[in-house]
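Structural characterization, general
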Amino acid sequence: MIEATHAVVVGAGLGGIASALRLRARGYQVTLVDKCDSVGGRGRSFEIDGYKFDCGPTIITAPFLLDQLFELYGKKASDYYKLVPMMPWYRIMFADNSNFDYGGTTEATIAQINKFCPADAPGYIKLIEHCKKSLRSALYNWATNHFAH
């Protein structure tokens, strides 16, 4: 079997950049390509007719993943930037001037759901449990692959 030494990552958004950095830390030569003329995906900005547009990212929900990337290179993320908690993460405004504030604790989100449709709260709890399982699985896979070599 021939061992690969080069990887191509398609998509230079935050996920693509993170993948490229992880591969590079494992010794791969990495080529990162994107259809846009700059990297960053939703985390980039661009200019049209003298107006600058910020694409996001709207929110970073797993800052520990960014910390892991810096640690791969013996660095501390806190030496380069400071994340500031935002509450709420999102405020959805409706035509009747009511709003739905999303972010923070599960309890706070359920309270917001209950303002509009209490019957939807169990579905949100089910979604949270599914996400926890998916995240645990992703972290297990990362740790298995990261520490296996």
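Presented here is an overview of the structure given in this document.

The rules behind these values
Just so you know, the residues in each chain are numbered from 1, in the order the chain's sequence is written. The predicted origin of the model limits local features to residues at a pLDDT of at least 70 and limits the giving and counting of side-chain atom pairs to 80 or more, whereas totals for whole chains, interfaces and linings rest on all residues. Calculated side-chain values reflect all of the structure's heavy atoms, with hydrogen atoms and water omitted. Numbering of helices and strands starts at the N terminus; helices are DSSP runs of H or I of at least 4 residues and strands are runs of E of at least 2. Only C-alpha atoms enter the radius of gyration, while the globule expectation follows 2.2 Å times N to the 0.38, with N the number of residues. Throughout, exposure labels follow a simple rule: accessible area from a 1.4 Å probe, protein chains only, divided by the maximum for the residue type, with under 20% read as buried, over 50% as exposed, and the rest as partly exposed. Pairs of residues are marked as contacts when any of their non-hydrogen atoms sit within 4.5 Å. Note that accessible areas follow from Shrake-Rupley with a 1.4 Å probe, and for residues the cover is restricted to the protein chains shown. Residues scored as positive are Lys and Arg, those scored as negative are Asp and Glu, and His as well as the terminal groups of each chain are ignored. Where a charge lies is defined by one atom per residue type: Lys uses NZ, Arg uses CZ, Asp uses CG and Glu uses CD. Any two of the Phe, Tyr and Trp rings considered here, Trp counted by its six-membered ring, make a pair once their centres fall within 6.5 Å; the pair's planes then place it as stacked at under 30 degrees, edge-to-face at over 60, or tilted in between. Residues belong to a common nonpolar core when they are buried Ala, Val, Leu, Ile, Met, Phe, Trp, Tyr or Cys residues joined through side-chain atoms within 4.5 Å. Note on pairing: two strands pair once DSSP finds at least 2 bridges between them. The definition used for a disulfide is geometric: two cysteine sulfur atoms within 2.5 Å. The residues that make up patches have over 30% relative accessible area and no salt bridge, and they are joined within 9 Å when like-charged or within 5 Å when they are Val, Leu, Ile, Met, Phe, Trp or Tyr. Any carboxyl oxygen of Asp or Glu within 4 Å of a side-chain nitrogen of Lys or Arg constitutes a salt bridge here. What the arc measures is the spread of directions leading from the helix axis to the C-beta atoms.

Within the protein chain, the secondary structure is distributed over four helices and six strands. The order of helices and strands in the protein chain, counted from the N terminus, is β-α-β-β-β-α-β-β-α-α. At 20 Å, the protein chain has a C-alpha radius of gyration far larger than the 15 Å of a compact globule built from 149 residues. Taking the principal axes of the C-alpha coordinates as reference, the protein chain spans close to 60 × 45 × 30 Å. When burial is assessed residue by residue, the protein chain has 17% of its 149 residues classed as buried. For the protein chain, the share of sequence-separated contacts (at least 6 apart) that also reach a separation of at least 24 residues comes to 26%. Summed over all atoms, the accessible surface of the protein chain reaches about 11,400 Å², with 59% contributed by carbon and sulfur. Taken as two groups, the 16 positive and 14 negative side-chain charges of the protein chain have centres that lie 6 Å from each other.

Think of a pair of aromatic rings as described by two things: how far the centres are apart, and how the planes are tilted against each other in angle. Enumeration over the complete set of coordinates arrives at seven aromatic pairs. Aromatic side chains Phe-94 and Phe-116 sit 5.4 Å apart centroid to centroid with 55° between the ring planes, which places their arrangement in the tilted category. Of this pair, Phe-94 sits in the loop between β5 (90–93) and β6 (99–102) while Phe-116 is found in helix α3 (residues 106–116), placing the two residues 22 residues apart along the sequence. Looking at Phe-94, the relative accessible area reads 37%, which means it is partly exposed. Aromatic side chains Phe-100 and Phe-116 sit 6.0 Å apart centroid to centroid with 40° between the ring planes, which places their arrangement in the tilted category. Highlighted residues: Phe-100 in strand β6 and Phe-116 in helix α3, separated in sequence by 16 residues. Members of the aromatic cluster, connected to one another through ring pairs, are Phe-70, Tyr-80 and Tyr-81.

The biggest cluster of nonpolar side chains holds six residues, and these are Phe-100, Ile-110, Ile-113, Ala-121, Tyr-124 and Ile-128. Counting residues per element, the ones that place at least two in this core are α3 and α4 (121–147).

Turning our attention to the pairing of strand β2 (residues 29–33). For a regular strand, the rule is simple: side chains alternate between the two faces of the sheet. In the sheet, strand β1 (residues 6–10) pairs with β2 via five bridges, with the strands oriented parallel. By the bridge assignment, Val-9 is partnered in β2 with Leu-32.

Moving on to the state of the cysteines. Per the stated rule, a full pass over the model turns up zero disulfides. With no disulfide of its own, Cys-55 has Cys-36 as its nearest cysteine by sulfur position, at a separation of 7.7 Å. Taking the relative accessible area as the measure of exposure, Cys-55 reaches 23% and is therefore partly exposed.

There is a patch of nonpolar side chains on the surface, built from Met-86, Met-87, Trp-89, Tyr-90, Ile-92, Phe-94 and Phe-116 and spanning about 700 Å² of accessible area. Looking at Phe-116, the relative accessible area reads 41%, which means it is partly exposed.

For the rest of this paragraph, the subject is unusual backbone geometry. Cis geometry marks the peptide bond from Met-87 to Pro-88; its omega dihedral reads -10°. In this model, Asn-97 sits at a positive phi of 75°, which is unusual for a non-glycine residue. When you line up the elements, Asn-97 lands in the loop between β5 and β6. By relative accessible area, Asn-97 is classed as exposed at 66%.

For α3, the set of buried residues is Thr-109, Ile-110, Gln-112 and Ile-113. Looking straight down α3, one finds its buried side chains confined to an arc of 160°; they lie on one side.

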